[in-house]
Amino acid sequence: MNKSILTAIMILISLTLHSQNRKIIELSENWKFQKGDITNAYQVDFNDSNWQIVTVPHDWAIYGPFDKNIDIQKVAIVQNGEKIATEKTGRTGSLPHIGSAWYRNLFSISSADIGKKIILQFDGAMSEPEVFLNGKKIGEWKYGYSYFYFDITDKVKEGDNLLAVKLTNQQYASRWYPGAGLYRKVTLTIKNKESVSHWGTFVTTPIAEAKIAKVNVKTKVSNKVSKLKLSVYNSKGKLIVSKESTENFNDEFDTNLRVENPNLWDTENPYLYTLKTELFIGNQLKDVTLTKFGIRKIEYIAKKGFFLNNKHTKFKGVCLHHDLGPLGAAVNKAALRRQLTILKDLGVNAIRSSHNMPSLEQLELCDEMGFLFLAESFDEWKKPKVKNGYNRFFDEYAKKDVENLVRATRNHPSIIMWSSGNEVPDQWGAEGVKRAKWLQDIFHKEDSTRPVTVGMDQVKAVMASGFGAIMDIPGLNYRVHLYDEANERFPQGFILGSETASTVSSRGIYKFPVEKGSMVKHDDFQSSSYDLEFCSWSNLPEDDFILQDDKEWVMGEFVWTGFDYLGEPTPYDEKWPSRSSYFGINDLAGLPKDRYYLYRSRWNTKDETLHILPHWNWKGREGEKTPVFVYTSYDSAELFVNGKSMGVQHKTKDKTPQHRYRLMWNDVTYQPGSIKVVAFDKDGKPAAEKEIKTAGKPHKLVLEADRTVLKADGKDLSFVTISVVDKNGTPCPTATNDLQFLVSGKGKFRAACNGDATSLELFHEPKMKLFSGKLVVLVQSLKEAGEMELKVTGKGLKSGKIKLTSKSLTR
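To keep things clear, this report deals only with the structure shown in the data block.

Cut-offs and rules
- Residues numbered from 1 in each chain as written.
- Predicted model: local features only at pLDDT ≥ 70, side-chain atom pairs only at ≥ 80, totals over all residues.
- Heavy atoms only, no water.
- Helix = DSSP H or I, 4+ residues; strand = E, 2+ residues; numbered from the N terminus.
- Rg over C-alpha atoms; globule rule 2.2 N^0.38 Å.
- Buried < 20%, exposed > 50% of the residue type's maximum accessible area, 1.4 Å probe, protein only.
- Expected span 1.5 Å × (residues − 1).
- Pairing = 2+ DSSP bridges.
- Axes fitted to C-alpha atoms, helices over the stretch in contact; angles between N-to-C directions.
- Parallel < 35°, antiparallel > 145°, perpendicular 65-115°, else oblique.
- Contact = heavy atoms within 4.5 Å.
- Nonpolar A, V, L, I, M, F, W, Y, C, P; charged D, E, K, R; others polar.
- Salt bridge = Lys/Arg side-chain N within 4 Å of Asp/Glu carboxyl O.
- Left-handed = near helix turned anticlockwise from the far one by under 90°.
- Phe/Tyr/Trp six-rings, centres within 6.5 Å; stacked < 30°, edge-to-face > 60°.
- Lys NZ or Arg CZ within 6 Å of the ring centre and 35° of its normal.

This part takes up the overall build of the protein. Within the protein, the regular secondary structure consists of eleven helices and 48 strands. For a compact globule of 811 residues, the expected C-alpha radius of gyration is about 28 Å, and the protein comes in at 27 Å, within 12% of that figure. Principal axes of the C-alpha set define a box for the protein whose edges measure 85 × 65 × 60 Å. Expressed as a percentage of its 811 residues, the buried residues of the protein come to 61%.

Taking 1.5 Å as the rise per residue, helix α4 (residues 394-409) with 16 residues should run 22 Å; its terminal C-alpha atoms sit 21 Å apart, in good agreement. Taken as a whole, α4 has its buried residues at Phe 394, Tyr 397, Ala 398, Asp 401, Val 402, Glu 403, Asn 404, Leu 405, Val 406, Ala 408 and Thr 409.

Following Ser 354, the chain continues into His 355 via a peptide bond in cis, with omega recorded as -5°. One can find His 355 in the loop between β24 (350-353) and α3 (360-369). Note the cis peptide between Trp 560 and Thr 561, where omega equals -5°. Within the element layout of this structure, Thr 561 appears in the loop between β32 (554-560) and α10 (594-603). We note that Glu 128 has phi near 50°; this positive angle belongs to a residue other than glycine. Residue position: Glu 128 is located in the loop between β7 (117-122) and β8 (130-133).

Turning our attention to the sheet that holds strand β17 (residues 252-260). Across a sheet, paired strands are connected by hydrogen bonds in the backbone, their directions being either parallel or antiparallel. Pairing is antiparallel across the open sheet formed by three strands, whose spatial order is β13-β14-β17. Both outer strands of the open sheet, β13 (195-208) and β17, are each paired with one neighbouring strand and no more. Ignoring strand direction, the axes of neighbouring strands in this sheet form an average angle of 20°.

Now for the sheet that holds strand β45 (residues 767-769). Across the sheet, which stays open at both edges, the five strands sit in the order β41-β48-β47-β43-β45 with mixed pairing between neighbours. Every interior strand has two partners, whereas the edge strands, β41 (709-711) and β45, have only one. Strand-to-strand twist across the sheet, computed as the mean angle between neighbouring axes with direction ignored, equals 30°. In this sheet, strand β47 (residues 786-793) lies alongside strand β43 (residues 738-745) in antiparallel orientation, the contact comprising six bridges. Counted as the bridge partner of Gln 740 is Thr 793 from β47.

Attention now moves to the packing of helix α2 (residues 333-346) against α10. Here α2 crosses α10 at 60°, and the two axes come no closer than 8 Å. When the interaxial angle is binned, α2 and α10 end up oblique. Across the interface between the two elements, Ile 342, Asp 345 and Leu 346 of α2 pack against Tyr 596, Tyr 599, Arg 600 and Trp 603 of α10. In terms of residue class, the contact of α2 with α10 is made up of five nonpolar, no polar and two charged.

This part takes up the pairing of strand β34 (residues 628-632). The buried fraction of β34 amounts to five of the five residues, a majority that puts the element mostly inside the structure. Side chains Val 628, Val 630 and Thr 632 of β34 all project onto a buried face; the interleaved residues Phe 629 and Tyr 631 project onto the opposite face, where all are buried too. Of the strand pairs in this sheet, strand β33 (residues 610-613) and β34 are connected by four bridges, and their pairing is antiparallel. Residue Ile 612 lies in a different strand from β34, and its bridge partner there is Val 630.

Below, the discussion takes up the pattern of salt bridges. Applying the stated criterion to the full structure yields 55 salt bridges. Linking Arg 104 and Asp 48 is a salt bridge whose minimum nitrogen-to-oxygen distance equals 2.8 Å. With Arg 104 in strand β6 (residues 99-109) and Asp 48 in the loop between β2 (31-35) and β3 (52-54), this pair connects stretches of sequence that are 56 residues apart. The class of Arg 104 is buried, set by a relative accessible area of 3%. Salt-bridge contacts for Lys 511 lead to Asp 524; the nearest nitrogen and oxygen are separated by 2.5 Å. Of the two residues, Lys 511 is situated in the loop between β29 (495-501) and β30 (517-518) and Asp 524 in the loop between β30 and β31 (533-534); the sequence distance between them amounts to 13 residues. With relative accessibility at 17%, the residue Lys 511 sits in the buried group.

Before going further, it helps to spend a moment on the packing of α2 against α3. Where α2 contacts α3, the two axes come as close as 10 Å, and the packing angle between them is 40°. Between α2 and α3, the angle is such that the two are oblique. As α2 runs across α3, the sense of the crossing is right-handed. Facing Lys 333, Leu 336, Arg 337, Leu 340, Thr 341 and Lys 344 of α2, the residues of α3 in contact are Glu 361, Gln 362, Glu 364, Leu 365, Cys 366, Glu 368 and Met 369. Residues of the contact of α2 with α3, tallied by class, amount to five nonpolar, two polar and six charged.

To describe a pair of aromatic rings, you give the distance between the ring centres and the angle between the ring planes. A complete count under the given rule lists 44 aromatic pairs for this structure. Their ring planes at 70° and their centres at 5.5 Å tell us that Tyr 143 and Tyr 145 sit as a pair that is edge-to-face. You'll find Tyr 143 and Tyr 145 in the same group, each marked buried. Summarising the aromatic geometry, the rings of Phe 512 and Tyr 530 are spaced 5.9 Å apart at their centres and angled 75° between planes, so their arrangement reads as edge-to-face. With Phe 512 in the loop between β29 and β30 and Tyr 530 in the loop between β30 and β31, this pair connects stretches of sequence that are 18 residues apart. The buried category is assigned to Tyr 530, whose relative accessible area is 1%. Here the aromatic cluster, defined as three or more aromatic residues joined through ring pairs, consists of Tyr 143, Tyr 145, Phe 378, Trp 381, Tyr 390, Phe 393, Phe 394, Trp 438 and Phe 467. Against the face of Tyr 397 rests Lys 400, its NZ or CZ located 4.1 Å from the ring centre.

The next point concerns the environment of Lys 521. Examined against the element boundaries, Lys 521 turns out to sit in the loop between β30 and β31. Once the C-alpha coordinates of Lys 521 and Phe 749 are considered, the two residues, 228 residues apart in sequence, prove to be 36 Å apart. If near-sequence neighbours (up to four positions away) are discounted, Lys 521 is found in contact with Pro 571, Tyr 572 and Lys 575.

Further remarks concern helix α9 (residues 541-550). Listing the buried residues of α9 in full gives Pro 541, Glu 542, Asp 544, Phe 545, Leu 547 and Gln 548. Tucked inside the fold, the buried residues of α9 contact α8 (483-489), β29, β32, α10 and α11 (657-661).

This is the structure in structure tokens:
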């Protein structure tokens, strides 16, 4: 038989067995939504006929409007070194996330499912959810980022069941935009009572070598099960090994399987196996689960750092907040995949979920695409950063939240480290040390295979108190001048740059004169893309590069941040209308800033990088000094301005840190025309070149989609970059034209974003200004397959069109 047909049959049989014994139903459609603290909205006979119908995941606040008064605060941000309170705005994105709202949904339970075990799971609910079923409260949670579930077996009835959820976002509860609503999936799991416990499978690989792997599987079961069968399949669906067991202790099976010549999971070959678990009572099959996992070995070695499958690996990582720009906090797998695809090209190999539990979709993609993952839990412990933050819930919920994090995500091979906190004020004093140890012990109890870190910014304090010494991995946020001292004082033998750089810039914006500066503010509330501006607590990228290149015990870094995010508009958090961050290597629309190419020139060791800045449209600056920087993977290059050589520059350790990683011509004077750079290989021969020309008047719109074929599932997205060129096809880097968007056919307009941190234009309206000559439009598929077209128009511009296609999931 044809191998592909055999594989397809085996997978179909596996999924059929799975569906016969348990069903997982996503509650995504036909939710009724209404904002407001509404009395009795949990009651079955409550009239919700006038409520809005929404799809979950859903973020109610992202639709705006932006309003300065929503999150205006008078506060001193202690972790930024501030001692005097000042008026801040935009800190949580200036979007209407504060207040209460209700969601209501009807789901049906068949007579065949009555008496089975039924689990209701929330992947995240922002925030303080109170959950009601058929008019009665069944439970609550507090932390908006936590996964949690309820056993509703005895609370459902045959036929329709009413689920109602009340959510409440307090003022002064977050340091960034948290989102609002049921922003992650809600699911029902229906299974036999004799089954694998919820989050009850734990797969580890205590031996993972080229020729042999030992796969250990711990399986918690509910009720007495007489036999367990485990089967491991490779990525093509071929059975690799199978084993049966009848021995369990305290309703847990502990089974080892031997895999010969395993395909090891790593960042270049993210190979995934599938574990099929079958439970029997006698010879009757009662439950089937499928668990994806990877076989890999992780080690942390003193004086050397991190090793993946015996290979020394430095973290080339970025921190990511959970919002997805114009989509807000509502999780979307297509948007996450786009982010990770961009980061893969950048050369990133690691992600830190700052400062909270990641979405399950993000972890699935990191497993699949090959990213290492630092899974973080909290931004606060007992001592507050913000008045109504997690400090209110720490005593009651911290243990439960950590347990849920680990149990829900521990089978993801991408996770190589846990983080119990970020810059917590508890870094001072003996009580903070005890809390750090207590949390780390919970992680260890739940998972002894991965170490724990904390992002520490009070380095002197944690050296003095012993806080840093007890951590598995000492993580330093910034404080590059203290790395050497910390490494001498701490016993672990290595340092992780758990948060680095915090350089600020605005895509396509350049300021003169070109000079380094801390907390620099400009009249237009933008930051210069010469990448020389930073914050009072932070530094420039090269300061971290040098530590990682010159000191083996520095394990790598997680740059703040991979993408801009809503909220925290430092250094303009006292200026309106700034409402989103400037830290990103990519902007809020996912478009790369110049800094992208600085990191890429160092991190992406497979592909050539050659990038010139600034643009060459400087009407009114003729004859003025306009430095030219080149970010490149080559060590030397020659610059030409209008055909005239400006000389050859070489990367060197003999000057400033910037000269080691950038090529800079600081004495260039602007004249319209062109700038061209020719890069040289190790032998001094020309290897690559790039040219930028002065553009004329904007003439034509150009559309480019990240994907042209979508799934017809009503969720999939194409991100279409819109740019404008002159009559000769030269990009117009300063264009700010107003554009309008129209989607026809089997798709719809979802959102738009231009990456401007000061724009108050609403993401969901089909119109927006270009920023630095570009913006991005999101087109969403419908559930009906077919063609769709995006048309973009602007006054005085030749319009642009692009055709996209969606295909049925059954094809």
